[in-house]
Amino acid sequence: MPVSLASQSKDETRVSALQTGAEQADLYLPLLREQRVGLVVNQTSRVGESHLIDFLRQRKVGLQKIFALEHGVRGNVENGGKVEDGIDGPSGLPIVSLYGGNYAPSAEALAELDWLVFDIQDVGVRFYTYISSLHYLMQACADHQIPLLVLDRPNPNGDYIDGPVLEKSFQSFVGMHPIPLVHGMTVGELAQMINGEGWLDGGVQCPLTVIPVANYRKRMAYSLPVRPSPNLPNDLSIRLYPSLGLFEGTTVSVARGTDFPFQALGHPDDTRGVFSFTPKPIAGASENPKHKGTPLNGDDLRNADAQVRFSLEPLLSWSQRTGESPEAFFSRAGFFDKLAGTDELRKAVMAGASAGQIRASWQSDLAAFRQLRQPYLLYPE
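Residues numbered from 1 in each chain as written. Predicted model: local features only at pLDDT ≥ 70, side-chain atom pairs only at ≥ 80, totals over all residues. Heavy atoms only, no water.

Some points on the overall build of the chain
Phase 1 of the analysis: For the chain, the helix and strand inventory stands at 13 helices and 14 strands.
Phase 2 of the analysis: The C-alpha radius of gyration of the chain comes to 21 Å, within 12% of the 21 Å expected for a compact globule of 381 residues.
Phase 3 of the analysis: Its C-alpha atoms give the chain principal-axis dimensions of about 65 × 45 × 45 Å.
Phase 4 of the analysis: Here the chain, with 381 residues, has 58% of them falling under the buried criterion.
Phase 5 of the analysis: Within the chain, residue pairs in contact and separated by at least 24 positions form 74% of the contacts whose partners lie at least 6 positions apart.
Phase 6 of the analysis: Looking at the chain as shown, the accessible area adds up to about 15200 Å², and 48% of this sits on carbon and sulfur atoms.
Phase 7 of the analysis: Taking the 34 positively charged and 42 negatively charged side chains of the chain as two groups, their mean positions are separated by 3 Å. (Helix = DSSP H or I, 4+ residues; strand = E, 2+ residues; numbered from the N terminus. Rg over C-alpha atoms; globule rule 2.2 N^0.38 Å. Buried < 20%, exposed > 50% of the residue type's maximum accessible area, 1.4 Å probe, protein only. Contact = heavy atoms within 4.5 Å. Areas by Shrake-Rupley, 256 points an atom, 1.4 Å probe, with all protein chains shown as cover. Lys, Arg positive; Asp, Glu negative; His and termini not counted. Charge placed at Lys NZ, Arg CZ, Asp CG, Glu CD.)

As structure tokens, this is what we get:
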């Protein structure tokens, strides 16, 4: 089970009163009755103890097919692993893969649908690919005039914004939109922003309905009841993910291939760390982890503050710790730049800039984004 983030007062959290979009069936079931419905769901798409697929089937909603994103419908596909077309065993519904290059549903796949429903738990970090999938789904719905229903969920990193804003020349599937690395928005808010800012091709608009989370404020600590992907196993990993995700473009391991991914850092040649671990293949989570089978030294972050925010300190520290040249340390420089949304961060680290200097370069963009997103927000701070 996820580690709790319950470090705020009861008055601030009041999580018991919170209801996700999916849990407010009386608001959306009338829209779906006697309609042909497609679902975009994964293991996080829950209504209490039931999967949304089963919940809607029990209520006689006319489900036609399931669209699968990264990690699959049941969450057992590793990062970047192949998501196949097929059949969902428990329901017998056909599965259409939307991961691995075929990011948008075809006209044929949408032809028999009256509604598409999106219910996926996001983690509020630009390079987490569920929001990129959302973009392609919105484009397809706009192009074929299929209404999209977003059942919103809280953002576990929704209490702040930080990091560089993506530059258009670094747009990719790990960064589609000119938003900060930590954007502080829910999927429903982002969907409204994608429409409102004309970010779909041709400036077209997706027919969009959002069921907001009830009794939610952005500052609330939200403990995810189901891990959002195989390598984010608990709340602390999700809070560390904005800072540690950038290491995917370097020679440093984020502890994929262990029981504590995104909760440790390690490298074969580190001499400062007092923690050791050896990445090993884990089926469905990390089949070929970085430095597989090699003992690594580094830092154990499992006792970090549960409310930790995005920090440059790990990146700046580790860029000096491996004994490698800056060019060797950024072993996947192009991918690092896509994750960062800019090449300025890598260049600044290589030039020896301080965290303060780097952060100063983002502030005007963050202020502009804070204003830009205002019309699309559904929840108070």
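And the narrative resumes.
A few points about the sheet that holds strand β7 (residues 115–119)
Phase 1 of the analysis: Spatially, β5-β6-β4-β1-β7-β8-β11 is the arrangement adopted by the 7 strands of the open sheet, whose pairing is mixed. Strands at the two margins of the open sheet, each flanked by one partner only, are β5 (86–87) and β11 (208–211).
Phase 2 of the analysis: Looking at chain direction, strand β4 (residues 62–68) and strand β6 (residues 94–97) are connected through 3 bridges and run parallel. Counted as the bridge partner of Ala68 is Ser97 from β6.
Phase 3 of the analysis: Against the sheet, helix α2 (residues 25–32) touches β1 (36–41), β7, β8 (148–151) and β11, its axis set at about 160° to β8.
Phase 4 of the analysis: Packing of helix α5 (residues 130–144) onto the sheet brings it into contact with β1, β7 and β8, and relative to β7 it is tilted by some 170°. (Pairing = 2+ DSSP bridges. Axes fitted to C-alpha atoms, helices over the stretch in contact; angles between N-to-C directions.)

Some details on the confidence of the model for the chain
Phase 1 of the analysis: Counting all residues, the mean pLDDT for the chain is 93, and 93% of those residues have values of 70 or more.
Phase 2 of the analysis: Every residue in residues 1–15 scores below 50 in pLDDT, and together they form 31 contacts with partners more than four places removed in sequence or on other chains. (pLDDT = per-residue confidence, 0-100.)

Examining the pattern of salt bridges
Phase 1 of the analysis: Applying the stated criterion across every chain, the model contains 14 salt bridges.
Phase 2 of the analysis: Here Asp119 ties to Arg153 by a salt bridge, and the two come within 2.7 Å at their closest N and O atoms. Of this pair, Asp119 sits in strand β7 while Arg153 sits in the loop between β8 and β9 (162–165), and the two are 34 residues apart along the sequence. Note on accessibility: Asp119 and Arg153 belong to one class, buried.
Phase 3 of the analysis: Close ionic contact of Glu189 with Lys218 constitutes a salt bridge, the shortest N to O distance being 2.6 Å. In this pair, Glu189 is assigned in helix α6 (residues 187–196) and Lys218 in the loop between β11 and α7 (235–244), connecting sequence segments 29 residues apart. (Salt bridge = Lys/Arg side-chain N within 4 Å of Asp/Glu carboxyl O.)

A look at the sheet that holds strand β12 (residues 264–267)
Phase 1 of the analysis: Across the sheet, 3 strands lie side by side as β12-β14-β13; this open sheet has antiparallel pairing. In the strand order of this sheet, the two ends are held by β12 and β13 (275–277), each with one partner. Across the sheet, the mean angle separating the axes of adjacent strands is 40° when strand polarity is ignored.
Phase 2 of the analysis: Where β12 meets strand β14 (residues 296–300), 4 bridges bridge the pair, whose relative direction is antiparallel. Within β14, the position partnered with His267 by the bridge is Asn297.

Observations regarding the packing of α5 against α6
Phase 1 of the analysis: At a closest axis distance of 11 Å, the pairing of α5 and α6 adopts a crossing angle of 45°. In terms of orientation, α5 lies oblique with respect to α6. Of the two elements, α5 crosses α6, and the hand of that crossing is right-handed. In this structure, α5 contributes Ile131, Leu134, His135 and Met138 to the contact, and α6 contributes Val187, Leu190, Ala191, Ile194 and Asn195.
Phase 2 of the analysis: By residue class, the composition of the contact of α5 with α6 is 7 nonpolar, 2 polar and no charged. (Parallel < 35°, antiparallel > 145°, perpendicular 65-115°, else oblique. Left-handed = near helix turned anticlockwise from the far one by under 90°. Nonpolar A, V, L, I, M, F, W, Y, C, P; charged D, E, K, R; others polar.)

As for unusual backbone geometry
Phase 1 of the analysis: Look at Glu34: it is not a glycine, yet its phi comes out positive at around 60°.
Phase 2 of the analysis: For Glu34, the position within the fold is in the loop between α2 and β1.
Phase 3 of the analysis: For Glu34, a relative accessible area of 81% corresponds to the exposed category.
Phase 4 of the analysis: You will see that Lys60, though not glycine, has its phi angle at about 65°, which is positive.
Phase 5 of the analysis: For Lys60, the position within the fold is in the loop between α3 (52–58) and β4.
Phase 6 of the analysis: Classification of Lys60 as exposed rests on a relative accessible area of 72%.

As for helix α13 (residues 363–373)
Phase 1 of the analysis: Turning to α13, its buried residues are Leu366, Phe369 and Arg373. Buried residues of α13, viewed axially, fall in a sector of 60°; they line one side. Residues of α13 that are exposed and angled more than 90 degrees away from the buried face: Ser364 and Gln371.
Phase 2 of the analysis: Where α13 is buried, its residues meet β9, β10 (180–182) and α6. (Arc of directions from axis to C-beta.)

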